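# Descriptive analysis of the structure
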Amino acid sequence: EVSGPERIFAMSALSRIVVAVVSITLAGAAFAQTVRLRGAIEEVSGNSVKVVLGDGTHTRLVLAPSATIIAVVPATLADIKEGTFVGSAARPQEDGTQLALEVHIFPEEMRGTGEGHRPYAPVPQATMTNGATSGAPVSGVRGSTITLRYKDGEKKIVVPPDAPIVRFIRGDQTDLKVGTHFTSSAAVPKTDGSYEASRLNVGRDGLVPQ
């Protein structure tokens with residue numbers, strides 16, 4: 001039988017082990033969380049790019065082996081037809097509509113990406129709606145309105161004349177050029193201060209992705 005002092009020592013040692021395991025687990029979980037990055041490419045080396053972020057921070061971004069590169073190119077409302085799969089960051093309006101901050105058109109192979117309506121964390125009080133258009137854009141006083149339908153409902157998006165409209169197309173590593181602007185919506189922080197991304201949106205011809 002273990003005496004009182006020995007039992008206390010054993011329990012204390014076990015507690016320290018449990019605390020250590022929990023700390024390591026939490027630390028690993030913290031680095032497993034993803035972050036949104038936005039900036040410009042400074043240097044390209046294979047599947048690794050040195051970048052400068054919007055706040056002036058210089059870091060390295062490594063593309064995962066199966067990473068997807070999406071080229072972002074200019075588009076217009078004329079490119080949006082019945083059934084086009086579209087996403088829009090927007091601000092809710094008092095009349096129940098959403099005022100678009102940006103509209104992006106997905107390629108057919110990306111139909112269904114992020115479908116639904118949810119908060120858009122990078123912009124306070126903004127939303128993101130991804131869905132298929134119902135009908136063609138309708139002109140109005142504030143701009144043109146598009147209706148996006150998704151599994152659980154629909155939203156009317158008012159697109160003002162100054163809202164950027166872009167198209168996503170499949171890109172490749174030739175799109176990774178010095179000076180090119182990029183966004184990564186789910187980059188994984190690494191312990192050495194770099195990041196890993198499974199998808200990168202890059203602007204072509206000087207376009208700056210939102």
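Predicted model, so just to flag it, every value in this text is computed and none were measured.

### With respect to the overall build of the chain
Per the secondary structure count, the chain includes one helix and 13 strands. In the chain, which comprises 210 residues, the proportion classed as buried is 37%. Here the analysis covers contacts within the chain between residues at least 6 apart in sequence; of these, 61% occur between residues at least 24 apart. Only carbon and sulfur atoms are counted for the fraction: they give 57% of the accessible area of the chain, which is about 11800 Å².

### A word on the pattern of salt bridges
Two side chains carrying opposite charge are able to pair once their charged atoms lie near each other. Enumeration over the complete set of coordinates arrives at six salt bridges. Across the pair Arg-149 and Glu-154 runs a salt bridge, and its minimum N-O distance is 2.9 Å. The class for Arg-149 is partly exposed, based on a relative accessible area of 48%. When its relative accessible area of 37% is taken as the criterion, Glu-154 is described as partly exposed.

### Considering the layout of surface pockets
If a probe as big as a water molecule is rolled over the atoms, it shows which places are left empty. In this structure, the largest pocket encloses a volume near 730 Å³. Lining the largest pocket we find 29 residues, and of these Arg-36, Tyr-120, Met-128, Ser-185 and Gln-210 sit closest to its centre. Breaking the lining of the largest pocket down by element, the ones donating at least two residues are strand E1 (35-45), strand E5 (98-105), strand E6 (116-119), strand E7 (127-133), strand E11 (165-170), strand E12 (181-189) and strand E13 (195-203). Each residue belonging to the lining of the largest pocket can be placed in one class, and the counts come to 14 nonpolar, ten polar and five charged.

### With respect to the confidence of the model for the chain
For the chain, per-residue confidence averages 87 on the pLDDT scale, and 85% of positions sit at 70 or higher. Below pLDDT 50 for its whole length, residues 17-31 participates in four contacts with residues either more than four positions away or in separate chains.

### What to know about the environment of Thr-57
Position of Thr-57 relative to the elements: it lies in the loop between strand E2 (48-53) and strand E3 (58-74). By relative accessible area, which is 34% here, Thr-57 ends up partly exposed. Once you skip the residues sitting within four places of it in the chain, Thr-57 turns out to touch Val-51 and Val-52. Within the structure, Thr-57 has its side chain in polar contact with the side chain of Asp-55 (distance 2.9 Å).

### A short note on the side chain of Ser-48
As for its placement among the helices and strands, Ser-48 is situated in strand E2. Classification of Ser-48 by relative accessible area gives buried; the value is 10%. Within polar-contact distance, the side chain of Ser-48 engages the side chain of Arg-60 at 3.0 Å. Those residues in contact with Ser-48 that sit more than four places away from it in its chain are Glu-43, Arg-60, Leu-61 and Val-62.

### Some remarks on the packing of aromatic side chains
Applying the stated criterion across every chain yields a total of two aromatic pairs. Look at Phe-85 and Phe-106: their rings are 5.4 Å apart centre to centre, the planes differ by 55°, and that puts the pair in the tilted class. In this pair, Phe-85 is assigned in strand E4 (residues 85-92) and Phe-106 in the loop between E5 and E6, connecting sequence segments 21 residues apart. As far as the burial class goes, Phe-85 and Phe-106 line up, both buried. Measuring from ring centre to ring centre gives 5.4 Å for Phe-106 and Phe-168, while their planes differ by 90°; the resulting arrangement is edge-to-face. Residue Phe-106 is found in the loop between E5 and E6, and its partner Phe-168 is found in strand E11; the two are separated by 62 residues along the sequence. In textbook terms, an aromatic cluster arises when at least three aromatic residues are bridged by ring pairs, as seen for Phe-85, Phe-106 and Phe-168.

Reading guide: rules and limits
- Residues numbered from 1 in each chain as written.
- Predicted model: local features only at pLDDT ≥ 70, side-chain atom pairs only at ≥ 80, totals over all residues.
- Heavy atoms only, no water.
- Helix = DSSP H or I, 4+ residues; strand = E, 2+ residues; numbered from the N terminus.
- Buried < 20%, exposed > 50% of the residue type's maximum accessible area, 1.4 Å probe, protein only.
- Contact = heavy atoms within 4.5 Å.
- Areas by Shrake-Rupley, 256 points an atom, 1.4 Å probe, with all protein chains shown as cover.
- Salt bridge = Lys/Arg side-chain N within 4 Å of Asp/Glu carboxyl O.
- 1 Å grid on protein atoms, 1.4 Å probe; cavity = no way out; pocket = protein on both sides within 12 Å on 5 of 7 lines; lining within 4 Å.
- Points joined across faces, edges and corners; volume = space filled by probe spheres on them.
- Nonpolar A, V, L, I, M, F, W, Y, C, P; charged D, E, K, R; others polar.
- pLDDT = per-residue confidence, 0-100.
- Polar contact = N/O pair within 3.5 Å; in protein donor to acceptor, adjacent residues only side chain to side chain.
- Phe/Tyr/Trp six-rings, centres within 6.5 Å; stacked < 30°, edge-to-face > 60°.

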